[in-house]
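Examination of the molecular architecture
The lines below spell out each chain.
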Amino acid sequence: MRKITKALLGATTALTISAALPSVSQAAELTLCWAAWDPANALVELSKDFTAQTGTEMKFEFVPWPNFADRILNELNSGGKLCDLLIGDSQWLGGSAENGYYVKLNDFFDKEGIKMSDFAEAAVNAYATWPKGTPNYWALPAMGDANAWFYRKDWFAKPEIQAEFKKATGRDLTVPATWAELIETAKFFNGKEIDGKKVYGAAIFTERASEGITMGITQALYANGFKYEMTPGKYDMDGAVNSPDAVKGLEEYKELYKCCTPPGYTDAYMGETLDAFKSGQAAMAMNWFAFFPGLYKDENVGGDKIGFFVNPKGTTAASTLGGQGISVVANTDNMDGALAYIKWFAQPDVQKKWWSLGGYAVHNAVLTDPSFKDSQPFAADFLVAMNQVQDFWQEPSYAILLQAMQKRMHDYVVADKGTAKEALDGLVSDWTEVFKDDGKL
Amino acid sequence: MTARFRLSGRAVRPDAPASRFLVTPVTDTDTSLMDKAAAKAVRATPAPLAFRVRGLSDRSIAWLFITPTIALLLAINIFPLIWAVYLSFTNFRANRPNAEINGVGLTNYQRVLNDPDIWQAMQTTAHFVFWTILLQMLIGFALAYLIDRKFRGHAFWTTVILIPMMLSPAVVGNFWRFLYQPQIGLFNYIYSFFTGVPPSSFEMLGSVALSPWAIIIVDTWMWTPYVMLICLAGLRSIPDYIYEAAEVDRASAWRQFWSITVPMALPFIMLAVLFRAIENFKMFDMVVLLTGGGPGSTTEVASITLKREAFESWRTGRASAFAIILFVAVFGLANIYVKALNKVKQR
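It should be emphasised that the depicted structure is a prediction, and the values quoted were computed from it without experimental measurement. (Residues numbered from 1 in each chain as written. Chains lettered and ligands numbered in written order. Predicted model: local features only at pLDDT ≥ 70, side-chain atom pairs only at ≥ 80, totals over all residues.)

1. Thoughts on the overall build of chain A
In terms of regular secondary structure, chain A is built from 20 helices and 13 strands. Against the globule reference of 22 Å for 441 residues, chain A gives a C-alpha radius of gyration of 24 Å, in line with a compact fold. Overall, chain A is about 100 × 50 × 40 Å in size when its C-alpha atoms are taken along their principal axes. The contacts of chain A with a sequence gap of at least 6 include a subset with a gap of at least 24, amounting to 73%. (Helix = DSSP H or I, 4+ residues; strand = E, 2+ residues; numbered from the N terminus. Rg over C-alpha atoms; globule rule 2.2 N^0.38 Å. Contact = placed C-beta atoms within 7 Å.)

This is the structure:
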């Protein structure tokens, strides 16, 4: 009988311990979800310090960009527990805040002395607040980013090309300062044979499925004074979204696509743009600043061969916003651990190391450092871009708004359907229906 | 020769071997393998179980076996269908768990049916289904007819022809995406070799005019073997003596083809059409991998529109209405077609 009692006790203890073990291991572990790209690797390196300091093991779930929104939004909508921390797109803030997917961080920031005034204002507004610009914080600015350009500096420097360009255009071959110059330069290079290889003018975003073509086209639209509303906050889009300036911007983007992109370039986003440039096919290309450290290090096209420039002006100076904030997922089982990571990440020293590893810190301790501008060949451009960024809708219905724009823009630019005015009029109609459904109109 | 067994009905000891009290051979001539196997199975049935089952009728036992299947069917198919019908009359959005769900009557159906983009997607789907079926039937039947001649090496060539069908659509999609690449793709080079047109001067996947045909070519390449197999089964089901009788009647090969081969293989051909039509009506993966529905919305078939509405725009109510409309359309058409198929079979 004693033997049976002992055996039962032993079994009960073993069961209790084994049941308790998962929660013990969970407490010492955090999963951070983000897109799979160059800065994610830098974050893995950076997070080793957090593990060393706290003993919390960091796990990462990195999803390729084309599937990032699908995968992570499905996870949030289904109440999944995959992510404790999420570096999500700025456009997700509205929906994630209103649906209770993110933890509101105001009290935590106050308690820990984390000040949003320590971060660049544009970044705070874009990556942390909902409603936009209000002091309601749902994330800590994690990764500043904007859409910008890079070019083959070595080709631009060739005397024979410079002479030819001067002869053809009557001006010196320099980095394009306006959209008109950008198109002119792209046309000049397109089809030219350089180093025995046919090259093309520019590699730009044309991707249909996720957000690619919208992120590319808004570079041209914002630069031409595109606005989402006539009166901010009123959702009165007619006359703003389809203004003559917006039509001009859209037509310029299509002109650039038609004249100067490499063959088969009908569905291209970040990866394809990088491929076109790295393989020596494109004289110029657009992409996010996040890729610039990797491009600069590239053995074939980096170093002295590459130069960078901010989005050229149209009627105004503007750039399309990228970048993200880091949020605590409300569904996490490890709230304390997740908040501890945010607290650690907000420290100026950590932010400095983040920049040095290739992440785009937007902490003032980094940006206002006198040595910042010279720390990387694209650092000065990053500062300029971050001061002129504009973002897409951050509304809870952003996904429908984005899909409508993807369709209208791809139909017009790539499939040659209708005119620019018709495309933008159609977009106004689509967006109006969305805001009516939301009760905002 | 047929071995029959009956249950004895006598009271038994729990430890007694099952064979001693459960089974009494009616005949001792149970020599076939099947009979021996059946007898062995009966002997192996544990006595308590045999007792419990004995109290149930055949109908009850049948229900016992099919209940799990019916439960699964209800849970996985029927309940979601009813739920989707319910959602189609609401403004529900799967990404707004905190929002109030309101009934919107027939608004979702009205919007779907009045949406020119959805009609465009339906036209694209119809174009894709029509041409793929036509090409697959013609080529598939022709291949089956050739293979049925049983020439030397026909088994080898049958296997070779079947290879595309064995591949995953994901592999096929990526594979053809490379083949169609205007700068390095083999397809463009082969076309260029025969026509002299520069390979990078046309884009199979990026051109509004060519992209629908690029997808039709890939689907035809992949699924013609499947049609061929079904047609081959049809051709091999035709008894030789019918052809021999036709030969005796001096019927020409042409006459034999149209009076014997086609009518007798027709039920199989119609079945192949049904399978391929249903499959291609909901075609998704290959189109996504090849063109993603582009350029613009040129190759956006109905399933892609539905996916975008449901899981990218998250308008669940509206997507449900579209799904129900598609379901009713496919179900209705398939029913009409199956009736026609039955008539052909009864001839």
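2. Some remarks on the sheet that holds strand S1 (residues 29-35) of chain A
Residue and element names in this part refer to chain A. With respect to topology, five strands assemble into an open sheet ordered S2-S1-S3-S12-S4, the strand pairing being mixed. Strands at the two margins of the open sheet, each flanked by one partner only, are strand S2 (57-63) and strand S4 (140-143). On average, adjacent strands in this sheet sit at an angle of 30° to one another, irrespective of strand direction. Pairing of S1 with S2, which is carried by seven bridges, proceeds in the parallel orientation. Bridge pairing links Trp 34 to Phe 62 in S2. The sheet contacts of helix H2 (residues 38-54) involve S1, S2 and S4, and relative to S2 the element is tilted by about 170°. Along the sheet, helix H14 (residues 335-345) makes contact with S1, strand S3 (85-89), S4 and strand S12 (324-328), crossing S12 at roughly 145°. (Pairing = 2+ DSSP bridges. Axes fitted to C-alpha atoms, helices over the stretch in contact; angles between N-to-C directions.)

3. What to know about the domain arrangement of chain A
Interface extent is often summarised as the accessible area lost during association of the parts. Residues and elements named next belong to chain A. Per the domain assignment, the segments of chain A are domain 1 (29-145 + 323-390) and domain 2 (147-320 + 397-437). Here the C-alpha centroids of domain 1 and domain 2 sit 27 Å apart. Each side of the interface is counted separately: domain 1 has 22 residues, and domain 2 has 22 residues. Among the secondary structure elements, those contributing two or more residues to the side of domain 1 that touches domain 2 are H2, helix H3 (65-77), helix H4 (93-98), helix H18 (379-386) and strand S13 (389-390). Counting residues per element, the side of domain 1 that touches domain 2 draws most heavily on H18, which supplies four residues. Residue composition of the side of domain 1 that touches domain 2, by class: twelve nonpolar, seven polar and three charged. (Domains from an automatic or database assignment. Nonpolar A, V, L, I, M, F, W, Y, C, P; charged D, E, K, R; others polar.)

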